[in-house]
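Observations on the model geometry
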Amino acid sequence: MKISVIGCGYLGAVHAASMAELGHEVVGIDVDAAKVASLADAQAPFYEPGFEELLERTLATGRLRFTTDFAEAAGSSVHFVCVGTPQKRGEYAADMRYVQGAVESLLGVLAPGELVVGKSTVPVGTAAALADLVAGKVPGALLAWNPEFLREGFAVQDTLHPDRLVYGLPAGADGATARALLDEVYATIVDRGTPKVESDYATAEMVKTAANSFLATKISFINAMAELCEATGADVKLLADAIGYDDRIGRKFLNAGLGFGGGCLPKDIRAFMARAGELGADQALTFLREVDNINMRRRIRMVELAREVCDGSLLGKRVAVLGAAFKPDSDDIRDSPALNVAAQLQLQGAVVRVTDPAAVENSRRQWPQLDYAETAEEAAQGADAVLVLTEWKQYRELDPVEFGKVVKQKRVLDGRNALDLDAWTAAGWSYRALGRRAG
Ligand SMILES: NC(=O)c1ccc[n+]([C@@H]2O[C@H](COP(=O)([O-])OP(=O)(O)OC[C@H]3O[C@@H](n4cnc5c(N)ncnc54)[C@H](O)[C@@H]3O)[C@@H](O)[C@H]2O)c1
Ligand SMILES: O=c1ccn([C@@H]2O[C@H](COP(=O)(O)OP(=O)(O)O[C@H]3O[C@H](CO)[C@@H](O)[C@H](O)[C@H]3O)[C@@H](O)[C@H]2O)c(=O)[nH]1
């Protein structure tokens, strides 16, 4: 099947290559010429495990190409819209101009019988409005909403082996046509028995924002427990283990620490609240405001903790920050809790050196005022305190004995509850973490 993928960022580039992997003939289109050139040259423009190999393999088949020219979308049976929906500056709502722009560009090449498929995360109501636009300009062309649930760091696996497929379909015969086209796109995945949920547009759009809201709430729940653990001397990691054994709760997404960041959870819960407000249903989501507040408080608490361990003042203290990406196995620094904390520490007078296995280049571009190091050892040279803020494997597996030789003061703050408390304290480190006893 001929497929176009509009928007080749973290989601779209992986989707395009994955669709080619499934056997389709795919053209990826982006307005960013540098990104397109890089993808066409089999160079991943971002760090995502397994993606570059997939890209190289699928480009070599001749089934995948990238371009900035929308005309090349002509003739595709299905057009996936994968452009960004970031938070509007100074507002909670999503900035929908990229989705609007992408669909308008598609209208110039779209033909009757072709299907536009939204994958971006959008405010509920978007699909219905876009379906009217599409049908108005190109009678016989259809629209479906098929939200994406991939996690960065696992994007290839999640795209090729999703937990479920969600199809938001138009009513009646058009719905059956759209379903048949989507089933053909995902035949390999459907045939292996992957659960499929078919719904109206609004439900499909809401499945995505509800899922991210639930995940954010789960993280903020355990971080609220961490706040109480700090007040009582209890240990949030043991608490998470214990409640997580209950199948109804489950241990996943109960890792307390610096909280959630990235290009999805923070902006998606805010856009959901903004949309609920527009619909006159804001009361239903007031709890998400608290989810957001708990999350942001963790960053402030981390800075306080750093000040505490540095004898009450950060002025002139050398602080090493291990981790800049919003999560391990990614170079994505959108709303990164680690960089937020690093910047706050610097504002309070600390001499901060940040390191990350994949995100230094992105960080330097966005936060040029911070100082960067290539390795953890270099960042920690002569440090008064070491903060582990993104739990990369490299940092989890640091040898506290060897690492202790480079610092001035053996003080470690475990922002992700990822280090072995006993090993670090046995090596003479003073250990502090959010929601755990000091060691
Ligand atoms: N990143 C994820 O893990 C993930 C997972 C699921 C859903 N999503 C959702 O997918 C969407 C995309 O997210 P992302 O992380 O890939 O964003 P991104 O910023 O990495 O990529 C968006 C891409 O769209 C391109 N673009 C913008 N306007 C365009 C236009 N008019 N025509 C063609 N290309 C255009 C940009 O140049 C950019 O390359 C968002 O709605 C996001 O919420 C993201
Ligand atoms: O127990 C946990 C789990 C995660 N996090 C943090 O939460 C953030 C988000 O993590 P994760 O959800 O794994 O990463 P994303 O790649 O942003 O994926 C989320 O956002 C995507 C975009 O919408 C969705 O597709 C995914 O299903 C959803 O998990 C990161 O900062 C993590 O450090 C925690 O603090 N504690």
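The structure presented is a predicted model; accordingly, all values stated were derived computationally and were not measured.

**Observations regarding the packing of aromatic side chains**
- Under the defined criterion, the tally for this structure stands at seven aromatic pairs.
- Centroid distance Phe80 to Tyr186: 6.3 Å. Interplanar angle 55 degrees. Geometry classified as tilted. One end of the pair, Phe80, is in strand E4 (residues 78–81); the other, Tyr186, is in the loop between helix H7 (172–185) and helix H8 (187–191), and 106 residues separate them in sequence.
- Owing to a relative accessible area of 0%, Phe80 belongs among the buried residues under this scheme.
- A ring pair is formed by Trp424 and Trp429, whose centres lie 4.9 Å apart and whose planes are at 65 degrees; its orientation type is edge-to-face.

**Structural notes on the environment of Ala141**
- In this fold, Ala141 is placed in the loop between helix H5 (126–137) and strand E6 (142–145).
- Counting along the chain gives ten residues from Ala141 to Ala131, while the straight-line C-alpha distance between them is 8.9 Å.
- Once you skip the residues sitting within four places of it in the chain, Ala141 turns out to touch Leu110, Ala111, Pro112, Gly113, Glu114, Val134 and Ala135.

**As for the UniProt feature "domain: UDP-glucose/GDP-mannose dehydrogenase C-terminal" (unreviewed entry) in the protein**
- According to UniProt, the feature "domain: UDP-glucose/GDP-mannose dehydrogenase C-terminal" (unreviewed entry) maps to residues 320–421 in the numbering used here.
- Secondary structure across residues 320–421 divides into 31% helix and 18% strand, with the first and last C-alpha atoms of the span separated by 19 Å.

**What about the packing of helix H11 (residues 265–278) against helix H12 (residues 286–309)?**
- The contact between H11 and H12 brings their axes to 10 Å, and the two run at 150 degrees. When the interaxial angle is binned, H11 and H12 end up roughly antiparallel. Relative to H12, H11 is oriented so that their crossing is left-handed. Contacts from Ile269, Arg270, Phe272 and Met273 in H11 reach Leu288, Arg289, Val291, Asp292 and Met296 in H12.
- Grouping the amino acids of the contact of H11 with H12 by side-chain chemistry returns six nonpolar, no polar and three charged.

**Here's the deal with the pairing of strand E12 (residues 385–388)**
- A two-sided burial pattern is seen for E12, the buried positions comprising Ala385 and Leu387 on one face and Val386 and Val388 on the other.
- Bridge count for strand E9 (residues 318–322) against E12 is four bridges, and the pairing is parallel. Along E12, the bridge assignment pairs Val319 with Ala385.
- Pairing of E12 with strand E13 (residues 411–414), which is carried by three bridges, proceeds in the parallel orientation. Residue pairing across strands places Val386 opposite Val412, the latter belonging to E13.

Basis of the calculations
- Residues numbered from 1 in each chain as written.
- Chains lettered and ligands numbered in written order.
- Predicted model: local features only at pLDDT ≥ 70, side-chain atom pairs only at ≥ 80, totals over all residues.
- Heavy atoms only, no water.
- Phe/Tyr/Trp six-rings, centres within 6.5 Å; stacked < 30°, edge-to-face > 60°.
- Helix = DSSP H or I, 4+ residues; strand = E, 2+ residues; numbered from the N terminus.
- Buried < 20%, exposed > 50% of the residue type's maximum accessible area, 1.4 Å probe, protein only.
- Contact = heavy atoms within 4.5 Å.
- UniProt positions renumbered as here; feature names shortened; annotations may be inferred.
- Axes fitted to C-alpha atoms, helices over the stretch in contact; angles between N-to-C directions.
- Parallel < 35°, antiparallel > 145°, perpendicular 65-115°, else oblique.
- Left-handed = near helix turned anticlockwise from the far one by under 90°.
- Nonpolar A, V, L, I, M, F, W, Y, C, P; charged D, E, K, R; others polar.
- Pairing = 2+ DSSP bridges.

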